[in-house]
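# Coordinate inspection notes
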Amino acid sequence: LRTATRDAHDRIERLPAAQAMAAGAVDRDSYTAILGRLYWVHAAFEEAAARLPDLAPVWPPEAVRADAVVRDLEALGAARPATPPPAVVAWADQLNAAASAAAWA
């Protein structure tokens, strides 16, 4: 999994928001915006994974994170965004194919 996702994680870690987080220099509004996008990523993947009969029963509970992100947002006084960002919608559309969700898992 690490090998397969290394390039994606490297790109994410070069984003200004990720660098600010790593440096401890992200402000609350930026952080809650990141969490809001992260919620939609987890929600989309968790929904796709739940539809896969071979994956759903073995997906570890600690990997289900959407609800935890909502709790983090609430603890920070922020609400979950009402709609996912367009990039997450496009990615979620790709996950609708069972093979794609299984590959991500």
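Preceding this section is the structure that the text describes.
Quick summary incoming for the structure in this document. This is a predicted model, so every value here is computed, not measured.

What counts and what doesn't
Residues numbered from 1 in each chain as written. Predicted model: local features only at pLDDT ≥ 70, side-chain atom pairs only at ≥ 80, totals over all residues. Heavy atoms only, no water. Helix = DSSP H or I, 4+ residues; strand = E, 2+ residues; numbered from the N terminus. Buried < 20%, exposed > 50% of the residue type's maximum accessible area, 1.4 Å probe, protein only. Contact = heavy atoms within 4.5 Å. Lys, Arg positive; Asp, Glu negative; His and termini not counted. Charge placed at Lys NZ, Arg CZ, Asp CG, Glu CD. Axes fitted to C-alpha atoms, helices over the stretch in contact; angles between N-to-C directions. Parallel < 35°, antiparallel > 145°, perpendicular 65-115°, else oblique. Left-handed = near helix turned anticlockwise from the far one by under 90°. Nonpolar A, V, L, I, M, F, W, Y, C, P; charged D, E, K, R; others polar. Phe/Tyr/Trp six-rings, centres within 6.5 Å; stacked < 30°, edge-to-face > 60°.

### Description of the overall build of the chain
Looking only at helices and strands, one finds six helices and zero strands in the chain. For the chain, the spread of C-alpha atoms along the three principal axes comes to 40 × 30 × 25 Å. Split into buried and exposed, the 105 residues of the chain put 23% on the buried side. Nonlocal contacts in the chain, meaning residues at least 24 apart in sequence, comprise 67% of its contacts between residues at least 6 apart. Averaging the positions of the 10 positive and the 13 negative side-chain charges in the chain gives two centres separated by 3 Å.

### What about the packing of helix 3 (residues 28–50) against helix 4 (residues 66–75)?
Running from N to C, helix 3 and helix 4 point in directions that differ by 160 degrees, and their axes come no closer than 8 Å. Considered as vectors, helix 3 and helix 4 are oriented roughly antiparallel to each other. The element helix 3 and its partner helix 4 pack so that their crossing is left-handed. In contact with Thr 32, Leu 35, Gly 36, Leu 38, Tyr 39, His 42, Ala 43 and Glu 46 of helix 3, helix 4 contributes Ala 66, Val 69, Val 70, Asp 72 and Leu 73. Class assignment for the residues of the contact of helix 3 with helix 4 results in eight nonpolar, three polar and two charged.

### Structural notes on the packing of aromatic side chains
In total, this model carries two aromatic pairs according to the counting rule given. For the pair Tyr 39 and Trp 40, a centre-to-centre distance of 4.9 Å together with 75 degrees between the ring planes defines the contact as edge-to-face. No difference in accessibility class separates Tyr 39 from Trp 40, as the two residues are buried. Geometrically, the ring pair formed by Phe 45 and Trp 59 is tilted, given 5.3 Å between the ring centres and 55 degrees between the ring planes. Taken together, the positions of Phe 45 in helix 3 and Trp 59 in the loop between helix 3 and helix 4 put the pair 14 residues apart, joining distant regions of the chain.

Such coordinate-based values are descriptive only and should not be taken to indicate function.
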